[in-house]
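Spelled out, the chains give:
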Amino acid sequence: MNADVVVIGAGHQGLVAAVTLAEAGLDVVVVERADRPGGAIASGDATGTGATHDLWASNMNLFLGSPFFGAHAADLAAKGLEFVASDQPYASAFPDGTSVRVDRDRAATEAMWADHDPRDLDGWRQLEALFDDFTAAYFPLYGNPIGTPAGLAGAWPVYRRRGMAGSAELLQILLSTTRGLAQRYFSSPEAASLLAAWGMHLDYAPDVAGGATFPLLECFLDQRNGMALVRGGAGRLPQAMADLLVDRGGTLRLGAPVERVDVTASGATGVLLADGSRIGARVGVLSTVVLPVLVRDLLAPEVVPPGVRDTAGRYRFGPGTAMVHLVLDGPLPWADARLADYSYVHLGPYLDDMARTYQQALAGVVPDEPLLVVGQTSTVDPTRAPEGRHVVWVQARMYPGRILGDAGATGSRDLSDLSWDEAGPVLRDRIVAKIERHAPGTSARVVASAVMTPADLAAANPNLVGGDSVAGSHQLDQFLLRPGPGRGPLPQRDPAPLPGRGGHMAGGRGQRDQR
């Protein structure tokens with residue numbers, strides 16, 4: 001079998017690339033090792049109760065803001081893809097029973113801040129005023145090769161409008177830590193925590209330089225747009241994209257792991273599958289496998305140029321993630337009843353706790369206060385839960401890929417000498433116990449549960465090394481130059497890091513997961 005282009009991986013990025021190439025008139029074959037498309041965007045009955053759980057990714061706001069969705073929204077809707085958005089997108093809750101909450105209703109959000117701390121209301125307004133100019137300059141930089149006119153297109157109008165001092169304030173945001181941004185604009189520890197919790201979705205601990213950008217974007221994009229979930233489960237999104245690919249003449253082969261990418265002196269010529277079959281590539285091979293895994297598992301050592309091997313060796317993965325899926329016989333019984341309708345509730349609790357959690361995870365230690373992202377998915381999308389039940393999605397950040405110590409062992413089994421397979425049930429119980437402290441009576445309402453440890457994430461998807469749910473560190477040095485200098489979005493000076501036309505081998509930037 002031959003095609004113009006072979007795409008390795010049917011995650012959302014691979015499917016975006018494949019549909020785009022098929023629309024350009026190329027014969028495209030996508031090969032996927034799993035028996036479903038989607039990568040880290042998947043849904044299913046994790047608890048065996050008939051409920052629909054988003055297994056990993058849940059919030060789809062970044063996808064809804066993408067150029068691909070803008071161009072294909074109607075076609076995807078025709079494939080049955082629907083979104084439902086919560087008007088109460090996110091909140092943070094604290095041990096003393098207080099909470100801070102962000103609504104799509106701007107007046108309600110401002111009233112909340114005024115009641116919590118008028119100084120935080122002033123800071124929120126200042127940040128919102130900066131947000132539009134920041135995104136006008138940042139999004140073209142984010143979406144285009146660095147140093148190109150398209151990448152700089154947004155910066156010049158902003159500079160002309162704001163001048164040197166005002167533009168420097170935006171640059172300060174780009175370089176700032178979340179702690180630094182919070183200290184400049186907020187007064188209360190609760191407001192600072194609300195901001196910093198978003199950074200922990202990636203690997204932006206409170207004191208990581210460049211970590212303020214993503215929290216700023218999430219705070220205001222989610223406030224303006226609500227929190228968008230896929231109606232009926234996240235897995236419907238990649239399925240609709242796969243159906244669109246087939247409509248465009250492309251081919252999707254599931255359950256087809258790649259054994260090797262064939263590379264000759266003239267370039268990448270195709271892929272050998274684990275079943276022994278081969279798909280030739282007349283134009284090239286596009287891989288969404290992260291570079292270290294691509295180099296280690298799919299390329300013969302002799303065809304990898306030293307520079308590419310070095311880049312792969314330097315590529316960093318962030319700390320791991322754990323998931324807990326719950327089915328309850330009633331809604332979460334929050335001590336603060338106002339939290340009942342919020343899509344995400346962050347349980348941090350404070351900046352120093354998040355900073356400590358991050359350092360513990362980097363050191364191989366199970367943290368004592370992991371950040372919990374409590375997603376009340378059936379509150380937003382009731383179709384996911386059987387009648388009389390409620391579905392709760394919990395993402396726990398951050399954990400080590402391999403356990404070397406346990407800071408959370410007080411009153412619980414010490415996990416220091418256990419594998420993640422052994423530690424999973426204890427981890428689940430600790431996560432539920434933390435929710436219980438904010439929502440007394442939760443344990444009594446649990447009908448069924450399932451836990452996915454960092455090891456489970458890594459086993460499910462080869463891009464999620466060590467359970468890193470976003471397939472590699474998003475810290476500023478690696479994010480802007482992903483996967484490494486001269487091998488990502490920068491213009492290529494090396495004409496063929498992986499030999500070109502006849503065919504071309506493009507290494508994936510990795511899956512930027514929706515959160």
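To start, this report covers the structure provided alongside it. (Residues numbered from 1 in each chain as written. Predicted model: local features only at pLDDT ≥ 70, side-chain atom pairs only at ≥ 80, totals over all residues. Heavy atoms only, no water.)

### Focus: the overall build of the chain
Selection criterion: The secondary structure listing takes helices from DSSP runs of H or I that are at least 4 residues long and strands from runs of E that are at least 2 residues long, numbered from the N terminus. Throughout this description, buried means an accessible area under 20% of the type-specific maximum (1.4 Å probe, protein chains only), exposed means over 50%, and partly exposed covers the range between. Whether two residues are in contact is decided by their heavy atoms: any pair within 4.5 Å suffices. Shrake-Rupley sampling with a 1.4 Å probe provides the accessible areas, and residues are treated as covered by the protein chains on show and by no other component.
The helix and strand inventory of the chain stands at 19 helices and 20 strands. Residues classed as buried in the chain amount to 57% of the 515 residues present. Once local pairs closer than 6 in sequence are excluded, the contacts in the chain between residues at least 24 apart make up 73%. Just so you have it, the chain exposes about 19400 Å², and 53% of that area is on carbon and sulfur atoms.

### Considerations on unusual backbone geometry
Following G348, the chain continues into P349 via a peptide bond in cis, with omega recorded as 0°. Mapping P349 onto the fold places it in the loop between β14 (344-347) and α14 (351-362). Note that the residue after R397, namely M398, is joined by a cis bond; omega there is 0°. Along the chain, M398 turns up in strand β17 (residues 390-399).

### A short note on the pairing of strand β13 (residues 320-328)
Keep this limit in mind: At least two DSSP bridges between two strands are needed for those strands to be called paired.
Where burial is concerned, most of β13 is hidden: nine out of the nine residues are buried. Covered by surrounding structure in β13 are G320, A322, V324, L326 and L328 together with T321, M323, H325 and V327, the residues of both alternating faces. Sheet analysis places β13 next to β17, joined by nine bridges and oriented antiparallel. Residue pairing across strands places H325 opposite W393, the latter belonging to β17. Note that β13 and strand β19 (residues 446-452) share six bridges and pair antiparallel. Paired with L326 across the bridge in β19 is S449.

### Focus on the pattern of salt bridges
For clarity, the threshold we go by: Here a salt bridge means any side-chain nitrogen of Lys or Arg lying within 4 Å of a carboxyl oxygen belonging to Asp or Glu.
Scanning the entire structure with this criterion turns up 29 salt bridges. D353 is the salt-bridge partner of R356, the closest N and O atoms lying 3.1 Å from each other. Within this pair, R356 and its partner D353 are both found in helix α14, separated by three residues, close to a single helical turn. The exposure class of R356 is partly exposed, given its relative accessible area of 31%.

### Let's talk about the packing of helix α9 (residues 189-199) against helix α10 (residues 213-225)
Rules: Helix axes use the C-alpha atoms of the stretch in contact, all axes being lines fitted to C-alpha atoms, and the angles between their N-to-C directions lie in the range 0 to 180 degrees. Note on terminology: angles under 35 degrees are roughly parallel, angles over 145 are roughly antiparallel, angles of 65 to 115 are roughly perpendicular, and the others are oblique.
Running from N to C, α9 and α10 cross one another at 110°; their axes reach a closest spacing of 7 Å. With respect to each other, α9 and α10 are oriented roughly perpendicular. From α9, L195, W198 and G199 reach across to α10, where they touch F214, P215, L216, E218, C219 and D222.

### Notes on the layout of surface pockets
To keep it simple, the criterion reads: Using a 1 Å grid laid over the protein atoms alone, points where a 1.4 Å probe fits but cannot get out form a cavity; open sets with protein on both sides within 12 Å along at least 5 of 7 lines form a pocket; any residue with an atom within 4 Å of a point counts as lining. Grid points are joined across faces, edges and corners, and a volume is the space filled by probe spheres set on the points. Any residue outside Ala, Val, Leu, Ile, Met, Phe, Trp, Tyr, Cys, Pro, Asp, Glu, Lys and Arg is labelled polar, Gly included; the first ten of those are nonpolar and the last four are charged.
In this structure, the second largest pocket spans a volume of roughly 400 Å³. What lines the second largest pocket is a set of 25 residues, among which E32, R33, V289, N461 and P462 lie closest to the centre. Looking at the lining of the second largest pocket, the elements that each hand over two or more residues are β12 (278-290), α12 (291-298) and α18 (454-460). The class makeup of the residues in the lining of the second largest pocket is 14 nonpolar, seven polar and four charged.

### Comments concerning the side chain of Q360
Within the secondary structure, Q360 is located in helix α14. A residue is classified by how much of its surface remains accessible, and Q360, at 13% relative accessible area, is buried. With sequence-adjacent residues up to four places away left out, Q360 is seen in contact with V365, P367, D368 and A407.

### Things to note about the side chain of H346
If you trace the backbone, H346 turns up in strand β14. Excluding its chain neighbours within four sequence positions, the residues that come into contact with H346 are A91, S92, A93, A197, W198, H201, L371, L372 and V373.

### A closer look at the nonpolar core
Generally speaking, a soluble globular protein has its nonpolar side chains buried in company with each other. The condition that has to hold: The set of buried Ala, Val, Leu, Ile, Met, Phe, Trp, Tyr and Cys residues whose side-chain atoms join them within 4.5 Å is what this entry labels a nonpolar core.
Counting 85 residues, the largest nonpolar core has Y90, W124, V261 and V271 as its most contacted members. No other element matches α9, which puts seven residues into this core. Among all residues touching Y90, those that are not within four sequence positions of it are R101, V102, W124, L194, W198, E218, C219, D222, Q223, M227, Y342 and Y344. Ranked by size, the runner-up nonpolar core spans 30 residues in total, among them L328, I403, L427 and V432.

### Some words on helix α4 (residues 106-116)
One turn of the α-helix equals 3.6 residues, which is why residues spaced by three or four share an orientation. Just so we agree on the cut-off: Directions drawn from the helix axis to the C-beta atoms are what define this arc. Here a polar contact is taken to be a pair of N or O atoms separated by no more than 3.5 Å, where protein atoms must pair a possible hydrogen donor with a possible acceptor and residues adjacent in sequence count only if both atoms sit in side chains.
Taken as a whole, α4 has its buried residues at T109, E110, M112 and W113. On an axial view of α4, the arc spanned by its buried residues comes to 155°, and they lie on one face. Within α4, the exposed residues directed more than 90 degrees away from the buried face are A107 and D115. Between a side-chain oxygen at the N-terminus of α4 and the backbone nitrogen of A107 the separation is 2.9 Å; the capping residue is D105.

### Overview of the sheet that holds β17
Reading across from one edge, β7-β6-β14-β16-β17-β13-β19 is the order of the seven strands in this open sheet, with mixed pairing throughout. The open sheet has two edge strands with one neighbour each: β7 (99-102) and β19. Geometrically, the sheet is characterised by an average inter-axis angle of 15° between neighbouring strands, direction not taken into account. As defined by bridge partners, strand β16 (residues 371-375) adjoins β17 across five bridges and the pair is classed as antiparallel. The residue of β17 that forms the bridge with L371 is R397. Contacts from α14 reach β16 and β17, with the element oriented near 70° to β17.

### Focus on α10
Counted only if it meets this: To estimate how far a helix should extend, the number of its residues minus one is multiplied by 1.5 Å.
When the terminal C-alpha atoms of α10 are compared, their 18 Å separation across 13 residues agrees well with the 18 Å that a helix rising 1.5 Å per residue should span. Across the 13 residues of α10, 10 count as buried, placing the element largely inside the fold. Here α10 has its buried residues at T213, F214, P215, L216, L217, E218, C219, F220, D222 and Q223. Just past α10, the residue G226 takes up positive phi, approximately 80°.

### What about the environment of L127?
Looking at the element boundaries, L127 is found in helix α5 (residues 118-143). Considered as a pair, L127 and R184 are 57 residues apart in the sequence and their alpha carbons are 9.9 Å apart. Leaving out residues up to four positions away in the same chain, L127 has contacts with L181, Y185, F186, L216 and F220.

### Section: the packing of aromatic side chains
As a reminder of what qualifies: Note on aromatic pairs: the rings of Phe, Tyr and Trp (six-membered ring only in Trp) are paired at centre separations within 6.5 Å, and the planes decide the class, stacked below 30 degrees, edge-to-face beyond 60, tilted for the rest.
Following the criterion strictly, the structure yields 13 aromatic pairs and no others. Ring centres of Y344 and W393 lie 5.4 Å apart, and the angle between their planes is 5°; on these two criteria the pair is classed as stacked. Taken as a pair, Y344 in strand β14 and W393 in strand β17 lie far apart in primary sequence, 49 residues in all. Its relative accessible area of 1% is what places Y344 among the buried residues. Between Y399 and W420, the aromatic rings sit 5.8 Å apart at their centres with planes inclined by 90°, giving edge-to-face as the arrangement. You can see Y399 sitting in strand β17 and its partner W420 sitting in helix α16 (residues 420-438), a full 21 residues away along the chain. On the basis of relative accessibility, which here comes to 2%, the residue Y399 falls in the buried class. Every member of this aromatic cluster is reached through a ring pair, and the members are W113, W124, F131, F186 and F220.

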